[in-house]
Each structure stands twice: as C-alpha cells, then as structure tokens.
Amino acid sequence: MKKLNGIRPDHRKNTENSATVEFPLPAKVVIPMSMTMGAPCEPLVKVGDTVMVGQKIGDSQAAFSVPVHSGVSGKVTAVSNYITASGAVCKAVEIETDGQQTVSEEVRPPEVNDKESFIKAVRESGACGLGGAGFPTHIKLDPRTPIDTLIINAAECEPYITADYREMIEAPDDVIGGINMVKKQLGIKFAKLAIEENKPQAIKNFTEMAENDDTIDIVTLPSRYPQGAEKVIIYNSTGRIVKEGELPADEGVIVLNVSTAAFLYRYMNTGMPLVKRRLTIDGDAVKEPKNVSAVIGTPFRELLEFCKADIPAVKKLIGGGPMMGMSIPDMDMPVVKTSNALLAIKHFDERKTSACIRCGRCVKVCPIGLMPADIDKAYRIKNIDELRELKVTLCMNCGSCTYICPANRRLAETNQLAKALIPRK
Amino acid sequence: MNKLIVSPSPHDENYTKTSGIMLNVIIALLPALAVGCYMFSVVRPLILTAVCVTSCVLFEYICRKIMKRPNTIGDLSAVVTGLLLAMNLPVTLPYWMAVIGAFIAIVVVKQLFGGLGQNFANPAITARIVLMVSFPAAMTDWVIPKIGRDAVSGATPLALEKMSSAELQEIGQSVPSYSDLFFGWDIGGCLGEISAAALLLGGIYLIIRKIISPAAPLTFIGSLALLTFITGGDPLYQILSGGVFLGAFFMATDYATTPITAKGKIIFGLGCGIITFVIRQFGSYPEGVSFSILLMNVLTPYIEMLTRSKVFGAKEAAKNEG
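Throughout what follows, the structure given in this document is the object of discussion. (Residues numbered from 1 in each chain as written. Chains lettered and ligands numbered in written order. Predicted model: local features only at pLDDT ≥ 70, side-chain atom pairs only at ≥ 80, totals over all residues. Heavy atoms only, no water.)

**Considering a nonpolar patch on the surface**
Step number 1: Nonpolar side chains collect at one region of the surface, where Phe103, Val108, Leu112, Phe113, Phe120 and Val298 of chain B lie side by side and expose about 530 Å² of accessible area between them.
Step number 2: Note on placement: phenylalanine 103 of chain B falls in helix α4 (residues 95–110). (Patch = residues over 30% accessible without salt bridge, like charges linked within 9 Å, V, L, I, M, F, W, Y side chains within 5 Å. Areas by Shrake-Rupley, 256 points an atom, 1.4 Å probe, with all protein chains shown as cover. Salt bridge = Lys/Arg side-chain N within 4 Å of Asp/Glu carboxyl O. Helix = DSSP H or I, 4+ residues; strand = E, 2+ residues; numbered from the N terminus.)

This is the structure we're talking about:
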C-alpha cells in the first residue's frame, strides 16, 4: 500500500490531561446564524423575546442548512448583522442571560422509528461536523449510495487540540453508543474508529471496550499530519481511494467526527441540541491551557481571561488548529459550533517570502502528490490549462506545503487562489 | 485594543529556511576544502577561495542593485556558488581569471535568468567550462602536491591512466593507488575535487540533514562504475578520480538545475553517469563530469515534464494534443 506523505509538526498536546472545565455562564452571548457549511439561517426571534435553553432561534428553508439553538435562557437584546471569521455575512442574535438556565419545552428526546425520522432528528439537533469543517451531519448521513463502513475520525492530527481526545476519555460510552446508533439507523455493517498513535490511552480503552464486538474495529494511525483529512483517513483505514469528483459515499464509506458521534447519541437520549461544545484553549499567550466546555455564543475574550491569557500581548488568535484554523479578526467574536480550539499566539512574525529555490520539499510533503511549486509558477502566469493538468482542484488546503517551504512561500494560499481561476463546468 | 494579525492558514511553520540550507551546504564543503588547502600548501588555495567567494557575493550585490531588486546576499547562495567555483579551479589559476569565473557564474548564469532558483544551468559548472574553453592552458595547469617538498607540475590521475608506461616514465609520475585517490593524497586536480573521502563525508552530512536526496549521486556514481566495468575498465579508479564525487554530491543535487521528483533525480544521475563515461572513454577531454552535468541541466525541464508526480485519486485527463 502506498504511503501518503505529510509532515510531523510538534504535537504540543499540552492539554491532553486537562479534564474539561465547565465555563461559567457569560452575561451575554452572541449567536451567529451561520456556523456551518450550510446556508445561513433566518432568526426566529426578535428583540425583547424571552428565550430558553435548547430553543430553536434560527432556521432556514434550504435543505443544505442546519438550525441554530440557544444555549442560554434570557432576553434577546439585539438581532444584528454579523460577519463571520470566514467572511460570510449573516444575522446574529444577542441574548442577555438571566442566569436561570430554564430549559425549553422543545427539549425532549426525538421520536425515531425509521431512517427518515432519524435523519430529520439529526437535522433538528443542529449537528454539524465538530472537527472544524462544519459539514451538516444530516446531509452526510443521508447518502445516495449504499454504505458498508462507517469511519469515526478520531485522528485529531492538528497540533495543540485535544477536544476530541477528551471526549473519548470522558465519554467513551457516548462514543460507542453513537457509533452503534448510526450503524443501526443507516444499516451499516462495520465501523472503524481511527485514532492517531499519539493517543495510546484512548486506543487502549476502546480496544478493550470493543473486544467482543467484531463490527467495530479500532484503527491505529501513524501520527502524521494531515492524518485526519477525509481522503487520507479513508485510505489509511480502509485502503479505498476517493477519486477525483467522488464523495466518500461513492466508495461506500461515511466519515464522522468522534465528538459528533458522541453528541448525536446524547441528543437522541436527551433532546438537548448542539448549544455547547468543548474547545481547547492554548497557545503561547495562554498561561493556563485548558479544555473548556462553553455555551455557543460565549465571547472568546472571556475564555482567554478564564485561562489567564496575556491578552495585551496576543498578536494572533486562531479558531481551530495552527494548520487549518482560521484567523480570528476580533477577540470579542463568539464560540461557534465548529470551534474545536482557540489559540492565542504571542510570538508570530509575519513571513517574508523569498524566491523558490526548487528544493522540492512541498512536493515531498503533499499527501496527495501535488506539485505546489509548479502550481505557484503556473498561477503567476495564469496558465489555466497547466493548473488543470496539475490537479490543483484536488488540494484540500492542509497547509503542509506552506509549513515546510524554506522560502516562506504561501503555497497553500496560492493553491486556493489558483482553484478559483479554473472555471467550473 | 489589540490589533490582531489576520492571515490565511497555516499559522505554523518549519524553521528550516533557505539560508539554513545554504549554510549546511557550506559546512558540507569544508572538509574537502580543508584537504585541498592542506595539500596545495595553504596560502594560495585560501586566497583563491576568498577571491571567488568575495567576487561572487559582490557581483550578486551589484547585480541586484542595478536591477533594482531586493538584496539577496543574505540567503548565502552566492557564498555557496563562490565556494563551489573555487573548488572547481586549479590552484595555480591567476586570480583575475577566477573573478571572470565569478562573473560568469553569478551575473550571466544566475542573475540574468532571474536569480536564485531560476537559473537553468549550474553557475559554478558553467563558469568552469567557460574558463576551460577560454583559458585551456591555465585551467589545466595542475600541480602535484608533494608533502614536505615543493609542488611540481604534473598530470591528473585521469590523464595518467591513459598514458603508456614510457610516457609515465618520461614525466616521472606513476598511476596513483586507490587509497591515494580516495584520500586525495599527492594527486593532481582542482582545489576541491582531489579528496573523494572528504567529499563523501560532506555528501553524507547533507543526506543525513535531509538537504539532498541520495538518488542522483548514487545513480551517477553507480552508472559510471557499471559502464566502466562492463567495458573492461577500472571502475574504482574511474569514480575516485576527477570531479565525480564533487559533481555527484554537490552539483548533480543542485535544487534549481536538477529535477524535483525522485524519479527525475534518478534519470538525471543516470544521464550524468552515462555522459561522463562516454566523454572519458571516447572524447578528447580526459574529464567529462562538468559537461555531463551541464548537458543534463539542459535536459532537466524535459525530465520534469515526464516525471510529474501522480496525484492521489486523480482521474486521467483526456489527452489533449497541442
């Protein structure tokens, strides 16, 4: 079997032994209506309304969308325009909390009798991929082709982040419960729980738990970034290749993040939608790195204060991991569904790009064998035919090429710009 | 209020930078340079090296200034070119000729084609060849270092091998032993190419530091040895003499002028080995390493076209002629 390349950045999993701490209820939350890859929602509440915990406050008619719920009880103080970290424009609902945390009547375990009602319940849960990309889960779980293997992505290959790891350590029964539930509801025969080898405790626990279950296989993956990228994890745990233009489902697999699976299990039992999530707070500006469970809408600034971050010294704030996370332009932005980490960086020098020396390191590290140096060249002269031939559209923006480049060239960024040059058919 | 830096991912970086790579190459060249200096009685080779390095850096600086481009001497690539150039010259070469070599390498071969990474031919190799065809006498004025005695003029091991015993007697030299060739003891040649052992040490250092891939050096040396063996020659003598080790480890691994992919590097090395063999065996020049590398440099874009890496999961595009 061919080995897919990658890089080995320092793990810096400083928080792997930090049990999740409950973040105290903030005085105010801001809940954006666009937190997933799906279409933005329209607010269902207006200024002055009283909302409860678990109440749906935003929804959309679009099929490719996920509803939004409130994680607090209190009063809506504003419905304003909002720009997300990725630049999407949507509405955001601002709620002043009353401290009561009264649970809404809407919160009750959903009735599930068949696949259709299961998918509907998944949508109502507000679930999306919790690993960072935020793909609507109900779409992923409703493929058009038959599925024989469910892959649970527990690679957590990005440096710093331990949110998924803590889920596995703290709620192993929910993880196994979620896997069995999805398998049963979708009629999938096998599941593979794929974990990077730098999490031996999780591998040991689950191997013991699944010992007598031959439908769940625990796969140990080498600790090599980007092990958790969908195509990479599918290949490394099943040997199947998702070809150009195909979806994982076309190869008979679905990849689900481990925390998402555990969340779905809890939702089906309690009816409490996705209003809270665990995130790793770390980075060199953070004095006390922690895993925190925070209500969605909590301002990042309060989380940083909670972890004793040196706030005036923070030069860069990253939502997610250092490899694929997004720059946060404003410290007062809130926790969203996809926030698996918040990194506050003190030492960050803007990179000075110099000439490509054609060392070939970018080619060597690309997990899918692209040639970023050649793409860079073709992009600069806008040679679209060449870009097509170089298959730039397959780049998944893992960032390994930029990471390794000795000339500081922003190759991954160029790949994304180059993709945009190629007209879609 | 903090002003936060907003930039696209990744936000993490590896700390091997261009200047670090060049520094490692400089370190790797030092053993061979040290042997050369010691063998050719220290002062002259040191001055020659200093002249080459200084003029390369200076030409780079002036060139960038005139072209109104950012100054790049900090990346140390001009220092590497200067060192390689010095190591490719006979120690007796007049300094002004070395300066011409530096001009060819930096101005003509490197900067006129766009600077670091853009040149299609190896600067030091091209400079050596230009000097060789322009000043053939000075470029083949070899001295044989006699330890403890004055250096005398003589012939290189490759020339010696082609001579008859009568000719050898006439010039008072003998064919050197393998160990003399390996350690660079008492043999004629360019400043930096006499000691295969020192060059090998530097090459291994670069391979361990993951600066170069062993693919091209191994196939280069391997194919030369194999072809020599098949045709009844002395493979060990052939690979240990002349510029084979210097060329294989330090020139055939140059980033800018050799293919990027592993497959490309293998083809490049094979080509170098074959051409070197052909020139040494059938050509009028005793040495063919420089020409072989230069010729393969020219072929590099074509090798690259044929050895593009296969993209994982990509569908073959419909063949589009023209």
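**Brief notes about the sheet that holds strand β4 (residues 50–51) of chain A**
All names here are of chain A.
Step number 1: As summarised here, the arrangement of the four strands in space is β2-β8-β7-β4, forming an open sheet in which the pairing is antiparallel. Lying at the two open borders of the sheet, with one neighbouring strand each, are β2 (28–32) and β4.
Step number 2: Both β4 and strand β7 (residues 74–83) contribute to a ladder of two bridges, which runs antiparallel. Directly across from valine 51, in β7, lies its bridge partner glycine 74. (Pairing = 2+ DSSP bridges.)

**Some thoughts on the environment of glutamine 55 of chain A**
Residue and element names in this part refer to chain A.
Step number 1: With respect to the helices and strands, glutamine 55 occurs in the loop between β4 and β5 (56–59).
Step number 2: Residues glutamine 55 and serine 104, 49 residues apart in the sequence, show an inter-C-alpha distance of 5.6 Å.
Step number 3: Not counting the four nearest positions on each side in its chain, glutamine 55 is found in contact with Val45, Thr50, Val68, His69, Ser70, Ser104 and Glu106. (Contact = heavy atoms within 4.5 Å.)

**Some thoughts on the pattern of salt bridges**
All names here are of chain A.
Step number 1: Counted according to the given criterion, the structure contains 32 salt bridges over all chains.
Step number 2: The shortest N-O distance in the salt bridge between glutamate 22 and lysine 276 comes to 2.1 Å. One end of the pair, glutamate 22, is in strand β1 (residues 21–22); the other, lysine 276, is in strand β13 (residues 276–282), and 254 residues separate them in sequence.
Step number 3: The exposure class assigned to glutamate 22 is partly exposed, which follows from its relative accessible area of 48%. (Buried < 20%, exposed > 50% of the residue type's maximum accessible area, 1.4 Å probe, protein only.)

**Quick notes on the packing of aromatic side chains**
Step number 1: For the structure on display, the rule yields eleven aromatic pairs over all chains.
Step number 2: Centre to centre, the rings of tryptophan 96 of chain B and phenylalanine 135 of chain B are 5.5 Å apart; their planes meet at 85°, and the pair counts as edge-to-face. With tryptophan 96 of chain B in helix α4 and phenylalanine 135 of chain B in the loop between α5 (123–134) and α6 (136–139), this pair connects stretches of sequence that are 39 residues apart.
Step number 3: Taking the centre distance of 5.3 Å and the plane angle of 45° together, the rings of tyrosine 285 of chain B and phenylalanine 291 of chain B count as tilted.
Step number 4: The class for tyrosine 285 of chain B is partly exposed, based on a relative accessible area of 34%.
Step number 5: Here lysine 290 of chain A stacks its cationic end above the ring of phenylalanine 306 of chain A, 5.2 Å away from the centre of that ring.
Step number 6: The ring of tyrosine 95 of chain B is capped by arginine 44 of chain B, whose NZ or CZ atom sits 4.2 Å from the centre of that ring. (Phe/Tyr/Trp six-rings, centres within 6.5 Å; stacked < 30°, edge-to-face > 60°. Lys NZ or Arg CZ within 6 Å of the ring centre and 35° of its normal.)

**A look at the pairing of strand β15 (residues 316–319) of chain A**
Residues and elements named next belong to chain A.
Step number 1: Direction of pairing for β15 relative to strand β17 (residues 341–345): antiparallel, over a ladder of four bridges. Within the sheet, the bridge partner assigned to lysine 316 lies in β17 and is isoleucine 345.
Step number 2: Inspection of the sheet shows β15 paired to strand β16 (residues 326–327) by two bridges, in the antiparallel sense. Bridge pairing links glycine 319 to methionine 326 in β16.
Step number 3: Connecting β15 to the next strand, β16, in antiparallel fashion are six residues, including glycine 320 with a positive phi near 110°.

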